[in-house]
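Here is how the chains run, residue by residue.
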Amino acid sequence: MLSDYHTHLRTDELEATAEDHFTAANAARYRQAADERGIAELGVSEHVYRFRQALDVWRHPFWERYAHDDLDAYCQFVREQTDLRLGIEADFVPGGEDRMANLLQARDFDYVVGSVHFIREGAVDMEDYSVWDGARGPEEIWRGYFQTLGEAARSGLFDILAHPDLVKVWGPAHPERPLPEGDLRRYYELAIDGIAESGIAIELSTSGLRKRAAELYPAPAFLEMCLETGAPVALSSDAHQPEDVGADYEQALELLAAAGVEELCVFERRERRLERIQPNPPGVR
């Protein structure tokens, strides 16, 4: 069995409307791509900030710019017009835990992907609202990121912890956003207690290979630390177009095999079970 739960039916551009992308025909293109790559468990997890209801949780200017769609209409579309698992990618907003819990618990999601895209008001992976502007240095940002990641895990809001070391997205050679020097495990350790206490699933995402980071999320050392806590793994591509469904899964499966991981998470109505990874799945690339 292979899965891809962290996918989006549209790109991140503001012009990518629900009307154009939340269609049975578009969902079928994702399903076809998954079938060709031997992926049986396919879900969609649109960004929560694209929906008006998210503004009850946080009114960051970026969210206010993007929050135009109706969350309940999205849920109804996925349930009634597709065969995809229903998910959502929800940002961790410190101080907004109760409001986010109310939003999530009011809908019958199969799973919730939790992500950290902001440290306070600053964006980790965007040019706009960037946390890197005026920052003291990469050490401060990495420390703040992994502390927040641990809080996200500990919150209990999420089933899957998305792209866990997203902070490395700019790659090792960015002149203004470099990686810290030395052993990065000192930062990973800031999140490990929260991951261990929560039992949250760790996402192994191939999307980093398509970014400047040019690496899987998380790095092997961070994945190893998560596995040592007993955390299960959810495999995802973070596809925003059908051709990226299951992209670079061969590399991800090689890493899992080397780490001794033989099972992946499967979700239904927020209940988790583990299923064995299919050896030599057809179409994996």
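Right, let's walk through the structure included here.

1. Some words on the sheet that holds strand 1 (residues 3–4)
At step 1: Reading across from one edge, 1-2-3-4-7-8-9 is the order of the seven strands in this open sheet, with parallel pairing throughout. Of all the strands in the sheet, the pair left with one neighbour each is strand 1 and strand 9 (233–236).
At step 2: By the bridge criterion, five bridges tie strand 2 (residues 41–47) to strand 3 (residues 85–91) in an arrangement that is parallel. Directly across from S45, in strand 3, lies its bridge partner G87.
At step 3: Helix 9 (residues 249–258) contacts strand 1, strand 8 (201–205) and strand 9 of the sheet and is inclined by roughly 165° relative to strand 9.

2. Section: the packing of helix 7 (residues 185–198) against helix 8 (residues 220–228)
At step 1: The interhelical angle for the contact between helix 7 and helix 8, taken along N-to-C directions, is 30°, at an axis separation of 10 Å. As summarised for this structure, helix 7 and helix 8 are arranged roughly parallel, according to the angle between their axes. Remark: the crossing between helix 7 and helix 8 carries right-handed chirality. For the pair formed by helix 7 and helix 8, the contact residues are R185, Y188, E189, A191, I192 and I195 on the first element and A221, F222, M225 and C226 on the second.
At step 2: Grouping the constituent residues of the contact of helix 7 with helix 8 by class yields eight nonpolar, no polar and two charged.

3. Structural notes on the nonpolar core
At step 1: Ranked by size, the top nonpolar core spans 101 residues in total, and within it W63, Y74, F146 and I195 carry the most contacts.
At step 2: The element that contributes the greatest number of residues to this core is helix 6 (residues 138–154), accounting for seven residues.
At step 3: Those residues in contact with W63 that lie beyond four places of it in its chain are V48, Y49, A54, L55, V57, W58, D91, V93, M100 and F118.

4. So, helix 6
At step 1: Spanning 17 residues, helix 6 covers 24 Å between terminal C-alpha atoms, matching the ideal 24 Å at 1.5 Å per step.
At step 2: Burial in helix 6 covers these residues: P138, I141, W142, G144, Y145, F146, T148, L149, G150, A152 and A153.
At step 3: Those residues of helix 6 hidden inside the fold are in contact with strand 5 (118–119), strand 7 (160–161), helix 7 and helix 8.
At step 4: Of the residues trailing helix 6, G156 is marked for its positive phi of about 75°.

5. Quick word on the pattern of salt bridges
At step 1: One pass over the full model with this rule turns up 22 salt bridges.
At step 2: The shortest N-O distance in the salt bridge between R10 and E46 comes to 3.6 Å. You can see R10 sitting in the loop between strand 1 and helix 1 (18–21) and its partner E46 sitting in strand 2, a full 36 residues away along the chain. Each member of the pair, R10 as well as E46, is classed as buried.
At step 3: In this structure, R52 and D70 form a salt bridge, with 3.5 Å as the shortest nitrogen-oxygen distance. Here R52, found in the loop between strand 2 and helix 3 (61–66), pairs with D70, found in the loop between helix 3 and helix 4 (71–81); they are 18 residues apart in sequence, far enough to count as distant.

6. Structural notes on the state of the cysteines
At step 1: What the rule picks out here adds up to zero disulfides.
At step 2: Cysteine C265 is unpaired, with the sulfur of C226 as its nearest cysteine sulfur at 12 Å.
At step 3: Residue class for C265 comes out buried when judged on its relative accessible area of 0%.

7. Observations concerning the packing of aromatic side chains
At step 1: Within this structure, the stated rule accounts for 21 aromatic pairs.
At step 2: Ring centres of Y49 and W63 lie 6.5 Å apart, and the angle between their planes is 35°; on these two criteria the pair is classed as tilted. With Y49 in the loop between strand 2 and helix 3 and W63 in helix 3, this pair connects stretches of sequence that are 14 residues apart. Here the two residues Y49 and W63 agree in accessibility, since each one is buried.
At step 3: Taken together, a centroid distance of 5.7 Å and an interplanar angle of 45° make the contact between W142 and F146 tilted. Of this pair, W142 and F146 both sit in helix 6, four residues apart, roughly one helical turn.
At step 4: Look at W142 and you get buried, because its relative accessible area is 1%.

8. Focus: the environment of F146
At step 1: Residue class for F146 comes out buried when judged on its relative accessible area of 0%.
At step 2: Counting along the chain gives 108 residues from F146 to E254, while the straight-line C-alpha distance between them is 26 Å.
At step 3: Contact partners of F146, with chain neighbours within four places excluded, come to P164, D165, V167, Y187, Y188, L190, A191 and F222.

The rules behind these values
- Residues numbered from 1 in each chain as written.
- Predicted model: local features only at pLDDT ≥ 70, side-chain atom pairs only at ≥ 80, totals over all residues.
- Heavy atoms only, no water.
- Pairing = 2+ DSSP bridges.
- Helix = DSSP H or I, 4+ residues; strand = E, 2+ residues; numbered from the N terminus.
- Contact = heavy atoms within 4.5 Å.
- Axes fitted to C-alpha atoms, helices over the stretch in contact; angles between N-to-C directions.
- Parallel < 35°, antiparallel > 145°, perpendicular 65-115°, else oblique.
- Left-handed = near helix turned anticlockwise from the far one by under 90°.
- Nonpolar A, V, L, I, M, F, W, Y, C, P; charged D, E, K, R; others polar.
- Core = buried A, V, L, I, M, F, W, Y, C linked by side-chain atoms within 4.5 Å.
- Buried < 20%, exposed > 50% of the residue type's maximum accessible area, 1.4 Å probe, protein only.
- Expected span 1.5 Å × (residues − 1).
- Salt bridge = Lys/Arg side-chain N within 4 Å of Asp/Glu carboxyl O.
- Disulfide = S-S within 2.5 Å.
- Phe/Tyr/Trp six-rings, centres within 6.5 Å; stacked < 30°, edge-to-face > 60°.

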